[in-house]
Amino acid sequence: MTSKATGAVLVLGGARSGKSAFAEDLVAESGLERHYIATGRAWDDEMRERIAAHRTQRGEGWTTHEEPLDLVGRLAEIDAPGCVVLVDCLTLWVTNLMLDERDIPVEFARLVDLLSCLEARVVFVSNEVGLGIVPENRMARDFRDHAGRLHQSVAARCVEVYFIAAGLPLKMKG
Amino acid sequence: MTSKATGAVLVLGGARSGKSAFAEDLVAESGLERHYIATGRAWDDEMRERIAAHRTQRGEGWTTHEEPLDLVGRLAEIDAPGCVVLVDCLTLWVTNLMLDERDIPVEFARLVDLLSCLEARVVFVSNEVGLGIVPENRMARDFRDHAGRLHQSVAARCVEVYFIAAGLPLKMKG
Amino acid sequence: MTSKATGAVLVLGGARSGKSAFAEDLVAESGLERHYIATGRAWDDEMRERIAAHRTQRGEGWTTHEEPLDLVGRLAEIDAPGCVVLVDCLTLWVTNLMLDERDIPVEFARLVDLLSCLEARVVFVSNEVGLGIVPENRMARDFRDHAGRLHQSVAARCVEVYFIAAGLPLKMKG
């Protein structure tokens, strides 16, 4: 991560690509006060296992916030110089917004607006989901459209963007 | 885009990756006479919306051609020095060829042959669709096989190839 | 490929991305004694066609081994200085292990352990499958989790890692 204390970073990758571990390393190197926003909801055993595994992997030294919907409000609340916030992940946030029938463009605009005035450093983790066959159901197509648009907007305002595959980072910006 | 006035460019990316916008910027920078070949067919409202959104995004100054099947014939017809043709996109063309039961290898060979003798600059947009789980139905598997083979053949004859994610280009060739 | 005679290489890519052809070129350039381990099982006509097409593409000069399950044992058996082994592909091996209800973490650990003591050069081909929408069925989700974890472990021990799209290599490590 650059020496700039502020600015957002986007870590994009596929399932089990090592994107969370890479993002956690970025955060650990920063030496800043660490916050973790988990957007995932533990709605079944599989999800509970995944969340628990992530928590174990991260280890000590984090303040953890569970925030499935009001990501923007929570980020604004935590925001302070000397802080770093890891948001894991944007795609689960999009899923939650859709299930809760929120106004997606409004939520995305709020996030993008916040990005330009944050004092904390923020590292966003997100799943790239648009590189397979067009999904048969409309909701999945809408989801990947939303995710793709969000990635473009966030990436445009980030100081660094990484694409992760097989645990290896490819720097796309910064 | 390089200063070479001729030669083909391939812009590959996922759904909502920003590949069309990137390709349109390449074309705008060229200062050449702009043609647009839309291969998509407006067979339902969702598709009509996507086509209309693309048209609005592009703005003025384009000659638009709707050509779902005879991409090669249309390219040959438009071809002239001082022109740039944006083809959006190859994957929809493949879909149309399959639905119309055309001879895919013959069509691909015709396109590849044309590429070596074009006087216009051509920018192809296409979806990378082979990075998800193997699809359960045979037609989807055939589709991604066709798309993958076409991308390889076209890329081999392009002067520049880009992979787009989150609106950011990764230069793979050129 | 670097001039190092030993060490493993991972060639990752989507369906029909040209990853096998790229891996075969790496092997051919090495000038070493060529072995090919096919992990695919010809369980239907479609698979038989794919296997036959690969065999034709490779041409002469290879010792071919069909090994759907005991990849580690076979690699250890072939291993010798002056050899190069192309394994095509890891994802089919994972599929076979799952269908045969083997202990996946144990098998992965055996492979990773072997990598650190091989005398032959090994080139692994594998499908990146984690960049689409989350699959609806549990087995497919487990499969892409296994594949993703294996890619991370193998990539960490490889001297070179490539990501292939449209027949073009992107060097991610080495």
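A quick note: this is a predicted structure, and the numbers were derived from the prediction, not measured.

Please explain the sheet that holds strand E6 (residues 160-165) of chain B as it appears in this structure.
Residues and elements named next belong to chain B. Read from one edge of the open sheet, seven strands run E3-E2-E4-E5-E1-E6-E7, paired in mixed fashion. Where the open sheet ends on each side, the last strands, each with one partner, are strand E3 (63-66) and strand E7 (168-173). Across the sheet, the mean angle separating the axes of adjacent strands is 20° when strand polarity is ignored. Note: strand E2 (residues 33-38) against strand E4 (residues 83-88), six bridges, orientation parallel.

Explain the packing of aromatic side chains here, please?
The description of an aromatic ring pair uses the distance of the two centres, along with the angle that the planes make with each other. Enumeration over the complete set of coordinates arrives at eleven aromatic pairs over all chains. Where B:Trp93 meets B:Phe108, the ring centres are 5.9 Å apart and the plane angle is 40°; that geometry is what we call tilted. Residue B:Trp93 is found in helix H4 (residues 90-99), and its partner B:Phe108 is found in helix H5 (residues 104-115); the two are separated by 15 residues along the sequence. An aromatic cluster is built from A:Phe163, B:Phe163 and C:Phe163, whose rings are joined through pairwise contacts.

In this structure, what is going on with helix H3 (residues 71-78) of chain B? I would like to understand it.
At 3.6 residues per turn, the α-helix brings residues three or four places apart onto the same side. Residues and elements named next belong to chain B. Along H3, the residues classified as buried are Leu71, Val72, Leu75 and Ile78. Projected down its long axis, H3 carries its buried residues within an arc of 135°, all on one side. At its buried positions, H3 is contacted by E2, E3, E4, H4, H5 and strand E5 (121-127).

I would appreciate a short explanation of the interface of chain A and chain B in the present structure.
It is common to give the size of an interface as the accessible area that goes away when the parts come together. Residue-level contacts link 20 residues of chain A with 25 residues of chain B. In total, chain A and chain B occlude about 1,800 Å² of area from one another, counting both sides; carbon and sulfur atoms represent 62% of this. When residues of chain A are sorted by the area they lose upon contact with chain B, A:Leu131, A:Ile133 and A:Met172 head the list and together hold 37% of the total. The interface formed by chain A and chain B contains one salt bridge. We note a salt bridge from A:Asp145 to B:Arg16, for which the minimum N-O separation is 3.5 Å.

It is not clear to me how the environment of A:Glu24 should be interpreted in this structure. Could you clarify?
Residues and elements named next belong to chain A. Relative to the elements of secondary structure, Glu24 occurs in helix H1 (residues 19-30). On the basis of relative accessible area, Glu24 is assigned to the buried category, the value being 7%. A sequence separation of 20 residues divides Glu24 from Asp44, and the C-alpha atoms of the two residues are 25 Å apart. Sequence-distant contacts of Glu24, defined by excluding residues within four places in its chain, comprise His54, Gln57, Arg58, Trp62 and Leu86.

Just checking my understanding: could you explain the nonpolar core for this structure?
As a rule of thumb, soluble globular proteins bury nonpolar side chains together. Counting 123 residues, the largest nonpolar core has A:Phe124, B:Phe124 and C:Phe124 as the members making the most contacts within it. If we ignore the near neighbours within four places in the chain, the residues touching C:Phe124 are C:Ala8, C:Val9, C:Leu10, C:Val11, C:Leu75, C:Val87, C:Leu90, C:Leu111, C:Leu115 and C:Val154. If you look at the next biggest cluster of nonpolar residues, it comprises 18 residues, including C:Val11, C:Trp62, C:Leu86 and C:Leu92.

Any chance you could explain the packing of helix H4 (residues 90-99) of chain A against helix H6 (residues 138-157) of chain A here in plain terms?
Pairs of packed helices are described in terms of their axes, by the angle between the two and the distance that separates them. All names here are of chain A. Running from N to C, H4 and H6 point in directions that differ by 130°, and their axes come no closer than 10 Å. Overall, the two elements H4 and H6 adopt an arrangement that is oblique. When the axes of H4 and H6 are compared, the crossing they make is right-handed. When H4 is examined against H6, the residues Leu90, Thr91, Trp93, Val94, Thr95, Met98 and Leu99 are found in contact with a partner set consisting of Met139, Asp142, Phe143, His146, Ala147, Leu150, His151 and Val154.

How should I be thinking about the interface of chain A and chain C in this particular structure?
Contacts between chain A and chain C engage 25 residues on the former and 20 residues on the latter. Summed over both partners, the interface of chain A with chain C comes to about 1,800 Å²; 62% of that surface belongs to carbon and sulfur atoms. Together, A:Arg16, A:Ala166 and A:Leu168 form the three largest contributors to the area buried by chain A at its contact with chain C, with a combined 33%. The interface formed by chain A and chain C contains one salt bridge. There are seven residue pairs in polar contact (both at pLDDT 80 or more) connecting chain A and chain C. Listing elements by their share of the side of chain A that touches chain C, those giving two or more residues are helix H2 (45-58), H6, strand E6 (160-165) and strand E7 (168-173) of chain A. Grouping the constituent residues of the side of chain A that touches chain C by class yields twelve nonpolar, eight polar and five charged.

Please explain the relation of the copies chain A and chain B as it appears in this structure.
Relating one copy of the chain to the other requires a rotation about an axis plus a shift along that axis. Least-squares fitting of chain A to chain B yields an RMSD of 0.0 Å, with the superposition described by an axial translation of 0.0 Å and a rotation of 120°. Accordingly, the operation relating the two chain copies is best matched by a three-fold axis. Taking C-alpha positions as reference, the residue of chain A nearest the rotation axis is A:Gly132, located at 2.5 Å.

Just checking my understanding: could you explain the relation of the copies chain A and chain C for this structure?
Under the fitted operation, chain A is carried onto chain C by 0.0 Å of movement along the axis and a turn of 120°, and the coordinates agree to an RMSD of 0.0 Å. Interface residue correspondence from chain A to chain C reaches only 20%, placing this contact among heterologous pairings that use different surfaces.

Where do I start with the packing of H4(A) against helix H5 (residues 104-115) of chain A in this structure?
All names here are of chain A. Two elements in contact, H4 and H5, have axes separated by 10 Å at closest approach and are oriented at 145°. Relative to H5, H4 is oriented so that their crossing is right-handed. Counting all contacts with H4, which are made through Leu90, Trp93, Val94, Leu97 and Met98, the residues of H5 involved are Ile104, Glu107, Phe108 and Leu111. Its residues placed into classes, the contact of H4 with H5 shows eight nonpolar, no polar and one charged.

The rules behind each value
Residues numbered from 1 in each chain as written. Chains lettered and ligands numbered in written order. Predicted model: local features only at pLDDT ≥ 70, side-chain atom pairs only at ≥ 80, totals over all residues. Heavy atoms only, no water. Pairing = 2+ DSSP bridges. Helix = DSSP H or I, 4+ residues; strand = E, 2+ residues; numbered from the N terminus. Axes fitted to C-alpha atoms, helices over the stretch in contact; angles between N-to-C directions. Phe/Tyr/Trp six-rings, centres within 6.5 Å; stacked < 30°, edge-to-face > 60°. Buried < 20%, exposed > 50% of the residue type's maximum accessible area, 1.4 Å probe, protein only. Arc of directions from axis to C-beta. Contact = heavy atoms within 4.5 Å. Buried area = accessible area lost by both parts, 1.4 Å probe. Salt bridge = Lys/Arg side-chain N within 4 Å of Asp/Glu carboxyl O. Core = buried A, V, L, I, M, F, W, Y, C linked by side-chain atoms within 4.5 Å. Parallel < 35°, antiparallel > 145°, perpendicular 65-115°, else oblique. Left-handed = near helix turned anticlockwise from the far one by under 90°. Polar contact = N/O pair within 3.5 Å; in protein donor to acceptor, adjacent residues only side chain to side chain. Nonpolar A, V, L, I, M, F, W, Y, C, P; charged D, E, K, R; others polar. Least-squares fit on C-alpha atoms with pLDDT ≥ 70 in both.

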